[in-house]
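Working through the structure, step by step
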Amino acid sequence: MVGRRRLGRQFGWLWASYAVSAYGSGLGFGALPLIAVLVLHAGPAEVSALSAVGPAVGALIAVPLAPWVEFRRKRPVMIMMDLARFAAMGTIPVAYGFGWLSFVQLLVVSAVVAAAKIAFNAASGAYLKALVRPDDLLVANARFESTNWSSIAVGPPLGGAAIGLFGPVTTVVADALSYLLSALSITAIRGGEEAPRATGESPARAGAVLDGWRHILGHPGLRALYLNQVLVAGLIMATEPLLAVLLLRQLGFPPWQYGLAFAAPCVGGLIGSRLAARVVARHGKHAVFRTVGTLRAVWLIGLVFVRPGVVGLVTVMAVELAIIINMSLYTPVLATYRLEHTPEHLVARTLSAWSIGQQASIAVLTTLAGLLADVTGPRAALTAAGLLILATPVLLPRRDRTARHEPEPARGRS
């Protein structure tokens, strides 16, 4: 079966690196805002700033890093970014232990971790393209996607229990150690890595930081997918704080039900990611982009109808399950198409540009949704997000934009 294809020991170490850091991040999910509230007694404005400003600053820091990543061997870059995240996160328990922890430190750590994550993902994407055969890219990306959703399903509930038992910085320590273990997994990958091929370019060349966006916006298929993705991701993520206020404050859901409402549907991520290769083999990438890309967007409006009690809990879980199944099927296909349609000498800059744009969209739309919710209430802001996202499928590419260089889907395959 295509999903069980063996991709080799070297990919296994790269997957292990991804898994250990994903589960560490799952355990530490929401740890910085939680520390801001429990330890520093931060108010809503400060918590919102930590969730939006830190990652946005990190995205700005990552802009000049993109050419630097492009022109270097990718394994050392990944190790360096893991160690940077380990060091940054490690400052929090140290400062907490000595009574020095401050809100500014949390902002700085959030920005450093966000920038290092973008640089790491750019390097790992370029390395993956060199590590596995082109025919195996979708299988590899589907495995990453499956791991991501399983870590979200398992990590936050365990992290919440650990915080209750051992204190507020426990999950930060686990998250920091996961980056160290990730770096060790990458060092276990054997075989020499070729230096990036000389192209006559220089990372210091004026405009080098913009080459990723030039490639995306100059490619019809990537341009359409990019514009769609930044809006869909931004609108979905913008609903998270709104839903937290609606469920916890206005509808009176206990915290364990709130956690369950988001953790349980992540099982859908395992379903969608495992179906990705089969659906593409049978119907082709274009069908995934048009059909599944549309289905990602139609469910969000359902959150507007959440009510108190069991019915409301089931409504949230059903909406989240539908969104996650479609997202987890769509995302590895998108990641594979992006690698297939990007020249080797532009992969790191293209992936960086994609991540920076998506992170900026999330920050801007989350801020705007929060401002709207302050004026109209969270349910009205959820309605606005749900209606806006219904318009995003018009940005998905037409057939002629994705069929280029794409093999015909298999016929008659069961």
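On a predicted model such as this, the values are computed, not experimentally measured, just so you know.

1. So, the packing of helix H1 (residues 9–27) against helix H7 (residues 170–187)
Running from N to C, H1 and H7 point in directions that differ by 175°, and their axes come no closer than 8 Å. Overall, the two elements H1 and H7 adopt an arrangement that is roughly antiparallel. Contacts between H1 and H7 pair Trp13, Ala16, Ser17, Val20, Ser21, Gly24, Ser25 and Leu27 from the former with Thr171, Ala174, Asp175, Ser178, Tyr179, Leu181, Ser182, Ser185 and Ile186 from the latter. The residue inventory of the contact of H1 with H7, partitioned by class, reads 8 nonpolar, 8 polar and 1 charged.

2. With respect to the packing of aromatic side chains
Scanning the entire structure with this criterion turns up 7 aromatic pairs. Ring centres 4.9 Å apart and planes at 40° place the aromatic pair tyrosine 18 and phenylalanine 144 in the tilted group. Residue tyrosine 18 is located in helix H1, and its partner phenylalanine 144 is located in helix H6 (residues 137–166); the two are separated by 126 residues in the primary sequence. Here tyrosine 18 falls in the partly exposed class, since its relative accessible area comes to 25%. Ring geometry for phenylalanine 289 versus tyrosine 337: centroids 5.4 Å apart, planes at 80°, classification edge-to-face. A residue pair is termed long-range when its members are at least 10 positions apart, and phenylalanine 289 in helix H12 (residues 285–298) and tyrosine 337 in helix H13 (residues 309–340) qualify at 48 residues. Residue classification places phenylalanine 289 among the buried positions, given a relative accessible area of 0%. On the basis of relative accessible area, tyrosine 337 is assigned to the buried category, the value being 1%. Taken together, Phe11, Trp15, Tyr18 and Phe144 form an aromatic cluster joined through their ring pairs.

3. A short note on the confidence of the model for the protein
Caution is warranted with low-pLDDT regions, since their predicted coordinates should not be read in detail. Summarising the model, the protein shows a mean pLDDT of 85, and 90% of its residues fall at 70 or more. Helix H16 (residues 399–402) is the least confidently modelled element of the protein, averaging 54 in pLDDT, while helix H4 (residues 74–98) averages 94, the highest of any element. Within the model, the stretch residues 403–414 combines pLDDT values under 50 with 15 contacts to residues more than four positions away or in other chains.

4. As for the pattern of salt bridges
Scanning the entire structure with this criterion turns up 6 salt bridges. With a shortest N-O distance of 2.7 Å, aspartate 211 and arginine 214 are connected by a salt bridge. Remark: arginine 214 and aspartate 211 occur in helix H8 (residues 211–218); sequence separation between them is 3 residues, near one turn of the helix. Residue aspartate 211 is classed as buried on the basis of its relative accessible area, which comes to 10%. Owing to a relative accessible area of 47%, arginine 214 belongs among the partly exposed residues under this scheme.

5. Examining the nonpolar core
Core analysis: the biggest nonpolar cluster contains 28 residues, and Leu243, Leu247, Val316 and Ile389 have the highest contact counts within it. Breaking this core down by element, the ones donating at least two residues are helix H9 (220–250), H13, helix H14 (347–376) and helix H15 (378–389). In terms of residue count, the dominant contributor to this core is H9 (8 residues). Excluding anything up to four places from it in sequence, valine 316 contacts Leu243, Leu247, Ala261, Leu303 and Val306.

6. A word on the environment of threonine 291
If you trace the backbone, threonine 291 turns up in helix H12. Threonine 291 sits in the partly exposed class, given a relative accessible area of 46%.

Conventions we followed
Residues numbered from 1 in each chain as written. Predicted model: local features only at pLDDT ≥ 70, side-chain atom pairs only at ≥ 80, totals over all residues. Heavy atoms only, no water. Axes fitted to C-alpha atoms, helices over the stretch in contact; angles between N-to-C directions. Helix = DSSP H or I, 4+ residues; strand = E, 2+ residues; numbered from the N terminus. Parallel < 35°, antiparallel > 145°, perpendicular 65-115°, else oblique. Contact = heavy atoms within 4.5 Å. Nonpolar A, V, L, I, M, F, W, Y, C, P; charged D, E, K, R; others polar. Phe/Tyr/Trp six-rings, centres within 6.5 Å; stacked < 30°, edge-to-face > 60°. Buried < 20%, exposed > 50% of the residue type's maximum accessible area, 1.4 Å probe, protein only. pLDDT = per-residue confidence, 0-100. Salt bridge = Lys/Arg side-chain N within 4 Å of Asp/Glu carboxyl O. Core = buried A, V, L, I, M, F, W, Y, C linked by side-chain atoms within 4.5 Å.

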